[in-house]
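One-letter residues, chain by chain:
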Amino acid sequence: MTAHEDLDDQQRAKVVAAAHAVASWARARRASWTTDPLPLPRAAEPIAPPPVLQEPVRVPAPRETPPPPPVAPALPASERSPAVPALAAPPREQATISAAPERTAVPEPPRVRRSISFAPLYPVAVVWLPRVLVAAAVVLAAVLAIRYVPSALTSLTSKVPSRSPEKPAPAAAETAAAPSSKKATGMLRVRSTPAGARVIVDGTPRGVTPVDLGDVAVGHHTVVLESSVGTIQRSVSVSADNATDVDESIFAGFLIIYAPFELAVTEGTHAYRPDDRNEIMLPAGRHDLRLSNRALGFEETRSVDLTPGERKTLSIAPPHSSVTVTATEPAEVWIDGTRIGDTPMNEAPTELGTHEIVVRRAAGGEKRFNVTVTVKPLVLNIDFSKP
């Protein structure tokens, strides 16, 4: 073996030794790694800062020894130049000495268990971890609510005892009382002969006959039928079960007035005159008649209710007036053939109208007077000395 080949073997041995040293160091580092999660701090306890780990020992890479300069092959003795001496191969001991320090320079790393440092991740974890936990709790609560709340409500509803029918719920009582607050109505059918009479129910016009009223409240009502030939008033009772019918024939009636003197009969601006039988034809219904006699100063109002075709008699008894008679001599006073008293006679009651008054003197002789007694008292003074 030549010196050059010996030098190559030494270099290869150094490279192999360096490779073995690097492999041993890598195995030692890999054995100290761990994947266990770091313990999280409790919520109530302050978060301790992560421990500062010792920085790993960096092993320097093996230095590469520059290759020795190429050695020219030995020439045969015949070709060697006498001026260039031949290079001698370095001794083996020197190569061994130079390789030994390189091996001892790579110490075996201690087999110490080390944890991976998560120090840079702590600030991020402290900020986002509570948010992630809250979001996870909300999602879990929503899932549980969707899954279990309907069944829980169903079970609670089934366990609620039903109320007794004697004590209905307030809402049910209000619902039951609501229809009762609305007044019940019935049907009122109104007819008249002749048709076309004005219909008034409780003072409110409701059309003309014939008419059907389906919204009349149940109960008693006053129905008035008005037409040109009369007015009729009726009291009816309306029920919710059956229709109430009002069918009236409206015709004129007749009124006969008896009075000791002539009377003028008027109603409003309308005057009524009796016929040859002393009868006055009036429309059926209620009438407020004004009876008057201007000559007697008499005036009176009477209310009359006539049904269709009815004949009614009305007697007028006028109030009494008074007569006062005085004379120059004692005398008797006779009114309409009846002796009333002696003079002087003060305020003798006398009916209104025309009367004959006779005054007879005790010494003989008399005087006769035809007088009209009015509402105003009558005073008669007689002087027998005058013819």
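The preceding data block contains the structure.
Residues numbered from 1 in each chain as written. Predicted model: local features only at pLDDT ≥ 70, side-chain atom pairs only at ≥ 80, totals over all residues. Heavy atoms only, no water.

## Quick notes on the sheet that holds strand β6 (residues 230–238)
With antiparallel pairing, the 4 strands of this open sheet are ordered in space as β3-β2-β5-β6. The open sheet is flanked by β3 (204–208) and β6, the only strands paired with a single partner. Here the strands of the sheet are splayed against their neighbours by 25° on average, with no regard to which way each runs. Sheet analysis places strand β5 (residues 219–227) next to β6, joined by 9 bridges and oriented antiparallel. (Pairing = 2+ DSSP bridges. Helix = DSSP H or I, 4+ residues; strand = E, 2+ residues; numbered from the N terminus. Axes fitted to C-alpha atoms, helices over the stretch in contact; angles between N-to-C directions.)

## Points about the pattern of salt bridges
Under the defined criterion, the tally for this structure stands at 17 salt bridges. A salt bridge links Arg361 to Glu329; its shortest N-O distance comes to 3.4 Å. Of the two residues, Arg361 is situated in strand β19 (residues 353–361) and Glu329 in the loop between β15 (320–327) and β16 (331–335); the sequence distance between them amounts to 32 residues. Of the residues examined, Arg361 reaches a relative accessible area of 27% and is grouped as partly exposed. Judged by relative accessible area, Glu329 falls into the partly exposed class, the value being 30%. Measuring nitrogen to oxygen at the nearest pair gives 3.3 Å for the salt bridge that ties Arg368 to Glu366. Among the charged side chains, a salt-bridge network with shared partners connects Glu356, Arg360, Glu366 and Arg368. (Salt bridge = Lys/Arg side-chain N within 4 Å of Asp/Glu carboxyl O. Buried < 20%, exposed > 50% of the residue type's maximum accessible area, 1.4 Å probe, protein only.)

## Some points on the side chain of Thr350
Of note, Thr350 is situated in strand β18 (residues 345–351). When its relative accessible area of 5% is taken as the criterion, Thr350 is described as buried. A polar side-chain atom of Thr350 sits 3.1 Å from the main-chain carbonyl oxygen of Ala348. Setting aside its immediate chain neighbours within four residues, Thr350 contacts His320, Ser321, Ser322, Val323, Ile335, His355 and Val373. (Polar contact = N/O pair within 3.5 Å; in protein donor to acceptor, adjacent residues only side chain to side chain. Contact = heavy atoms within 4.5 Å.)

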